[in-house]
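In case you want the letters, here they are:
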Amino acid sequence: MVHCTICPKLRAQLGVMWRRGSTCAYPNHTGKAKPERSISPSTSYFLLANKGVLVPVGSGICRKCRGDMYEAMKVSNMLNIEFFCNDETSFPNFNVEVKPDVDPSNLIHRQSSTCSMIIEAKNSKNQVYSRIVHDQRHAEENVPADLQEYSEEESVLSSQPLSQVSSWSEENLETSLDDINKALSSISRGSFSPLKFQVRRNLDILMPNTIRTLKRKAEEATNLILEGIAPGQGKKLFKLIQEPSDLKTTSCDLERAVVNLYMESRDKDIKKQLLSLISLSHTKKELQQLIPQLSVYAINEARKHALDQKEGTEVPNQKPVFHRKMDIIKLDHALDFIFNPAFYQVSSIGTKEMRLEDGSVISIPEVVRTVWHSTLVKIYLAYCEETEFIPLSRSTLYHILRVCHASRRTNLKGLDNTAAYGGNSYDVLLSTVAEVEKYATDGLLLMELKECKDSLVASRIYMKTDFKMHIKQTDHCGDHCINYALSDPLDNQFQQTCIDHQHDVACDRCQLLPTAILNLKEILDKLADLSPNTKEEMLVDIEAAEAKILEWKSHIVKTINQDKARTQTLKDLQPGDILLIMDWAMKFLPITFSEKQSNWYGQKGLNWHLSVCIYKDEDSNLKHRTFAHVMDGV
């Protein structure tokens, strides 16, 4: 029998906090050899008895030291002693008295090598001594009788060194933890690992790993007792304890009814509703056994419905979801710019139908887009850059233009004569520049002519595209100010003075045309080989083209001003008011079936008069009606 006195710190270091080192733990070890095997209980007992050094079980030992130790054990005749260290057995019993103030750092030395060995440790601060007394048999004798005949109760680890309760009182542990370990070990015949602690605190404040350990131990103890009551049927007995028989019968009947209804139903919503009744009370494997060919997806959907709505409630109708992949603010900004009237002209004939997402159809008048898609996108991106707005991507803008219904025509002379004359005037000026190049021989003059040509091309593009976007009601640039540009310099009744601003800014792109014409006239004066008649004809063409271009420019300003007035008039239109627009359309030429060519010439057309009435209905929505009158002899 070994009597040990140990402090809590050393007990923790040699117990739950102990970790195996990376070097050989043999007392007489020399060299740098790494551990090969672990110290067994018999080896640790031998070293404690003969070397006076307590080496923990599980420490490493190298090959050389292990050979030396076996030789020493042969000499001491200790190889016949075997100790087993598992969950049920340990060293011969140690009665341990814990004293919390013993210093574990003092050396453990050997006092006697014959009949008894005393290990003393002295604490210099508290003057507390601990003594270990061990009775050792003679080396020639067999294993001591107390080691051969120790009972099963004594083989169980002492509860006090394994316990981790807050109180170190030996009496509390002996009356509770030891009795439980003895009883469970007796029932399990040594297969149950002993309890190492008892819970004195509230379970709600314990750590998760402690809860898992308690749960595992409780399940093991419960299964052990149930197996003792009903061998081989412990799990069935445990289920009988968990739920009463009448509730179980009712639950089984409900499950059977739900499964039958699920198998007979053909509606997926009803199936989800029925499956939600039992989806939370069964595992996926159990549900698949109850209902063959049941998918995991159906189980997940039923559980989601049971958690979100309630078990057995009706499945709500799922509304269609439209995924919007673009920013609504950016889309509205792009549509406001794209549908600017400056880029469209309404045709007097024809309508188009636009189908919306909800299936409704809207009839819109036929419109003609006056610019190409690439030009319109380029203008919009430049406008966004000036206003520091982040636009949609270029590909998205092209997709919007493809979806928006509008006609594209290469010849717009039939729609707007003023714009057609202005475009032809630029062609006249460019042809004049090309004609002057034939008479110019100086390289400097050729460079100036090339600059004039580039300026005319840029000016024409500007008139067709960006100029419409720069026009405002009031602006510091005279070419962009509507009030100033449309004022008649000769008639005071048609003038409006700009009081709140001055026209002190000149647009460099508006000055492209006057600068190019002025340079072209100067070049004509420098050409000596050019005849006076040819020079005069060129000057007349230049002045006429300039006048038509300026007329086109004025027409653009008037169109924008009239469009603003039209928009404001439609906005102020009240119920009962009508906006009436009347105009002559193209003449109607009647033809007969199989008409001869001789009868086609010299026909008199019928005049076609159109009247469009625009009004608002009861819901303040704009409506229009068109009346066509065909008249003869007007």
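(A) Just the packing of helix H8 (residues 208-229) against helix H9 (residues 234-242), in detail. Look at H8 against H9: their axes get within 8 Å of each other, and the N-to-C directions meet at 105°. On the basis of their axis angle, the class for H8 and H9 is roughly perpendicular. Seen from H8, the contacting residues are Thr 222, Leu 226, Glu 227 and Ile 229; seen from H9, they are Gly 234, Leu 237, Phe 238 and Ile 241. Tallied by class, residues from the contact of H8 with H9 come to five nonpolar, two polar and one charged.

(B) How the structure looks around helix H22 (residues 532-571). With 40 residues, H22 extends 58 Å between its outermost C-alpha atoms, agreeing within 8% with the 58 Å of an ideal straight helix rising 1.5 Å per residue. Those residues of H22 that fall on the buried side of the exposure criterion are Met 538, Ile 542, Ala 545, Ile 549, Trp 552, Lys 553, Ile 556, Val 557, Ile 560, Asp 563 and Leu 570.

(C) Representation of unusual backbone geometry within the structure. With a phi angle near 60°, Gln 293 is a residue other than glycine that sits in the positive phi range. Among the structural elements, Gln 293 can be located in the loop between helix H12 (284-290) and helix H13 (296-308).

(D) Representation of the side chain of His 305 within the structure. Inspection of the secondary structure assignment puts His 305 in helix H13. A residue is classified by how much of its surface remains accessible, and His 305, at 6% relative accessible area, is buried.

(E) Inspection of the sheet that holds strand S11 (residues 607-616) at higher detail. The strand order across the open sheet built from three strands is S10-S11-S12, with neighbouring strands paired in antiparallel fashion. If you trace the sheet from one side to the other, it starts and ends with strand S10 (579-584) and strand S12 (622-631), each paired once. Across this sheet, the average inter-strand angle for adjacent strands is 15°, counted without regard to direction. Note: S11 against S12, ten bridges, orientation antiparallel.

(F) Here's a closer look at the packing of aromatic side chains. Under the criterion given, the structure shown has four aromatic pairs. Taking the centre distance of 5.2 Å and the plane angle of 50° together, the rings of Phe 337 and Tyr 380 count as tilted. Of this pair, Phe 337 sits in helix H14 (residues 328-338) while Tyr 380 is found in helix H15 (residues 373-387), placing the two residues 43 residues apart along the sequence. Each member of the pair, Phe 337 as well as Tyr 380, carries the same accessibility label: buried. For the ring pair Phe 337 and Tyr 383, a centre distance of 5.3 Å and an interplane angle of 25° mean the geometry is stacked. Remark: Tyr 383 occurs in helix H15 and Phe 337 occurs in helix H14; sequence separation between them is 46 residues. What makes Phe 337 buried here is its relative accessible area of 4%. Residue Tyr 383 is classed as partly exposed on the basis of its relative accessible area of 31%.

(G) Region of interest: a nonpolar patch on the surface. A contiguous nonpolar patch, built from Ile 187, Ile 225 and Ile 229 and spanning about 300 Å² of accessible area, is present on the exposed surface. With respect to the helices and strands, the residue Ile 225 is situated in helix H8. Residue Ile 225 is classed as partly exposed on the basis of its relative accessible area, which comes to 44%.

(H) Seen up close, the pairing of S11. Of all the ten residues making up S11, seven are buried; the element is thus mostly covered by neighbouring parts of the structure. In terms of strand pairing, S10 meets S11 through six bridges, oriented antiparallel. Within S11, the position partnered with Trp 584 by the bridge is His 609. Here S11 folds back onto S12, and the loop between the two strands holds five residues, one of which, Ser 620, carries a positive phi near 65°.

(I) Representation of the packing of H14 against H15. It is the contact of H14 with H15, at a shortest axis distance of 11 Å, that shows an interaxial angle of 120°. It follows from the interaxial angle that H14 and H15 lie oblique. Note on packing geometry: the crossing formed by H14 with H15 is right-handed. Taking contact as the criterion, the partners of Lys 330, His 333, Ala 334, Phe 337 and Ile 338 in H14 are, on H15, Leu 376, Ile 379, Tyr 380, Tyr 383 and Cys 384. Across the contact of H14 with H15, the residue classes tally to eight nonpolar, one polar and one charged.

(J) Representation of the nonpolar core. Formed by 34 residues in total, the largest nonpolar core has its most connected members in Leu 429, Val 436 and Phe 467. Elements represented by at least two residues in this core include exactly helix H17 (417-439), helix H18 (443-464), helix H21 (512-526) and H22. Looking at this core element by element, the count peaks at eight residues for H22. If sequence neighbours within four positions are ignored, Phe 467 has contacts with Tyr 462, Asp 479, His 480, Cys 510, Lys 553, Ile 556 and Val 557. If you look at the next biggest cluster of nonpolar residues, it comprises 19 residues, including Val 377, Ile 400, Cys 404 and Ala 406.

(K) Inspection of the pattern of salt bridges at higher detail. Scanning all chains against the criterion turns up eleven salt bridges. In this structure, the salt-bridge partner of Arg 63 is Glu 36, at a minimum N-O distance of 2.8 Å. Of this pair, Arg 63 sits in helix H3 (residues 63-75) while Glu 36 sits in the loop between helix H1 (8-14) and strand S2 (37-38); the two residues are 27 residues apart in sequence, bridging distant segments of the chain. Salt-bridge contacts for Arg 66 lead to Glu 36; the nearest nitrogen and oxygen are separated by 3.1 Å. In this pair, Arg 66 is assigned in helix H3 and Glu 36 in the loop between H1 and S2, connecting sequence segments 30 residues apart. Linked by salt bridges that have partners in common, Glu 36, Arg 63 and Arg 66 make up one network.

(L) Fine view of the confidence of the model for the protein. Here the protein averages 76 in pLDDT, and 76% of its residues register 70 or above. For residues 80-175, every residue scores under 50 in pLDDT, and the model assigns this stretch 167 contacts once sequence neighbours within four places are set aside.

Rules used throughout
- Residues numbered from 1 in each chain as written.
- Predicted model: local features only at pLDDT ≥ 70, side-chain atom pairs only at ≥ 80, totals over all residues.
- Heavy atoms only, no water.
- Axes fitted to C-alpha atoms, helices over the stretch in contact; angles between N-to-C directions.
- Helix = DSSP H or I, 4+ residues; strand = E, 2+ residues; numbered from the N terminus.
- Parallel < 35°, antiparallel > 145°, perpendicular 65-115°, else oblique.
- Contact = heavy atoms within 4.5 Å.
- Nonpolar A, V, L, I, M, F, W, Y, C, P; charged D, E, K, R; others polar.
- Expected span 1.5 Å × (residues − 1).
- Buried < 20%, exposed > 50% of the residue type's maximum accessible area, 1.4 Å probe, protein only.
- Pairing = 2+ DSSP bridges.
- Phe/Tyr/Trp six-rings, centres within 6.5 Å; stacked < 30°, edge-to-face > 60°.
- Patch = residues over 30% accessible without salt bridge, like charges linked within 9 Å, V, L, I, M, F, W, Y side chains within 5 Å.
- Areas by Shrake-Rupley, 256 points an atom, 1.4 Å probe, with all protein chains shown as cover.
- Salt bridge = Lys/Arg side-chain N within 4 Å of Asp/Glu carboxyl O.
- Left-handed = near helix turned anticlockwise from the far one by under 90°.
- Core = buried A, V, L, I, M, F, W, Y, C linked by side-chain atoms within 4.5 Å.
- pLDDT = per-residue confidence, 0-100.

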